[in-house]
Amino acid sequence: MKTPTRRTRPARRNMTLAEVRAFITQLAAANPNAESELNFVDDYTLLVAVVLSAQATDASVNKATVALFHDAPTPRAMVELGEEKVGAHIRTIGLWRTKARNVVALSRQLLERFDGRVPFDRAALESLPGVGRKTANVVMNVAFGDSTMAVDTHIFRIGNRTGLAPGTTPRAVEDQLVRRIPADMLRPAHHWLILHGRYVCKARRPECWRCSAFDPCQYRLKDDLRATGPDTTARQIAVSK
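Here the structure is a predicted model, which means the values were calculated and not measured.

Peer 1: How would you summarise the packing of helix 8 (residues 153–161) against helix 9 (residues 170–180) if you had to cite specific residues and measurements?
Peer 2: Put simply, helix 8 and helix 9 touch, their axes get as near as 10 Å, and they point 65° apart. Taken together, the axis directions place helix 8 and helix 9 in an arrangement best described as roughly perpendicular. Regarding helix 8 and helix 9, the two cross each other, and that crossing is left-handed. Residues Ile155, Phe156 and Asn160 of helix 8 form the contact with helix 9, whose own contacting residues are Pro170, Val173 and Leu177. Of the residues that constitute the contact of helix 8 with helix 9, the class distribution is 5 nonpolar, 1 polar and no charged.

Following this line, the structure appears as structure tokens:
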């Protein structure tokens, strides 16, 4: 799950609350069973996978964790494996040295402070090495069913590009999404938005011609992109970041 690194160009205007509901409803209809693409078997392996996914793709994390979770499926096993061997498992992931250190350290703290269990309290989660607000939001959403919104680069882009939840920082976008998305849709919206940004509303060239939520979207270039479709000549259009 990558972190936003630059500002996204604003939409033509902000969506109305009615348009927000329509936008999320249409994403849900197109992908009703959306869920995390990280591979995990329990709360602990979810936490580790999310920590490893910072500045990395879910696909790259999944490749690395097959062997890692086989050798260290619990906090105690991870601590016993140690930083060097954890690092050997995740060497293909960016920032692997820091991540190996954090994974072993957070596993040790889970044993010492939480009886080996992943805490469901935000403050407790964020006190663990390598766990920031975004990681805590993912764990709280996926593992514990809380209506949290983890803003990665995809959701940050969508929030600004479409007029769904504009903001200059991930926290600003998060706060807007929590306020604007209907409460009954907020928890699953986390997955609908991430997958929409990953596969349709892409950074370099959004595929507006196949967007399921085209009508309520306020992206300023959506009509041009829909008109040209996947034609390579459409690359001449100045797509905003």
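Peer 1: Before we move on, can you summarise the packing of aromatic side chains with the specific residues and values?
Peer 2: Across all of its chains, the model carries 1 aromatic pair by this definition. Ring geometry for Phe120 against Phe144: centres 6.2 Å apart, planes inclined by 75°, an arrangement best described as edge-to-face. Of the two residues, Phe120 sits in the loop between helix 5 (96–114) and helix 6 (122–126) while Phe144 sits in the loop between helix 7 (133–142) and helix 8, which places them 24 residues apart along the sequence. Among the residues examined, Phe144 registers a relative accessible area of 25% and is labelled partly exposed.

Peer 1: Help me get a handle on helix 10 (residues 183–199), residues and values and all.
Peer 2: Taking 1.5 Å per residue as the helical rise, helix 10 with its 17 residues ought to reach 24 Å, and the 25 Å between its terminal C-alpha atoms agrees with that figure. Considering bend angle alone, the principal kink of helix 10 is centred on Ala189 and spans about 50°. Counting buried positions along helix 10 gives 12 out of 17 residues, so the element sits mostly inside the fold.

Peer 1: Describe the environment of Ala67, and please don't skip the residues or the numbers.
Peer 2: Its location among the elements puts Ala67 in helix 3 (residues 58–71). The exposure class of Ala67 is partly exposed, given its relative accessible area of 35%. For the pair formed by Ala67 and Asp224, sequence separation is 157 residues and the distance between their alpha carbons is 46 Å.

What counts, and where the lines are drawn
Residues numbered from 1 in each chain as written. Predicted model: local features only at pLDDT ≥ 70, side-chain atom pairs only at ≥ 80, totals over all residues. Heavy atoms only, no water. Axes fitted to C-alpha atoms, helices over the stretch in contact; angles between N-to-C directions. Helix = DSSP H or I, 4+ residues; strand = E, 2+ residues; numbered from the N terminus. Parallel < 35°, antiparallel > 145°, perpendicular 65-115°, else oblique. Left-handed = near helix turned anticlockwise from the far one by under 90°. Contact = heavy atoms within 4.5 Å. Nonpolar A, V, L, I, M, F, W, Y, C, P; charged D, E, K, R; others polar. Phe/Tyr/Trp six-rings, centres within 6.5 Å; stacked < 30°, edge-to-face > 60°. Buried < 20%, exposed > 50% of the residue type's maximum accessible area, 1.4 Å probe, protein only. Expected span 1.5 Å × (residues − 1). Bend = angle between axes of the 7 residues up to and from the residue.

Distances and angles like these do not, on their own, reveal function.
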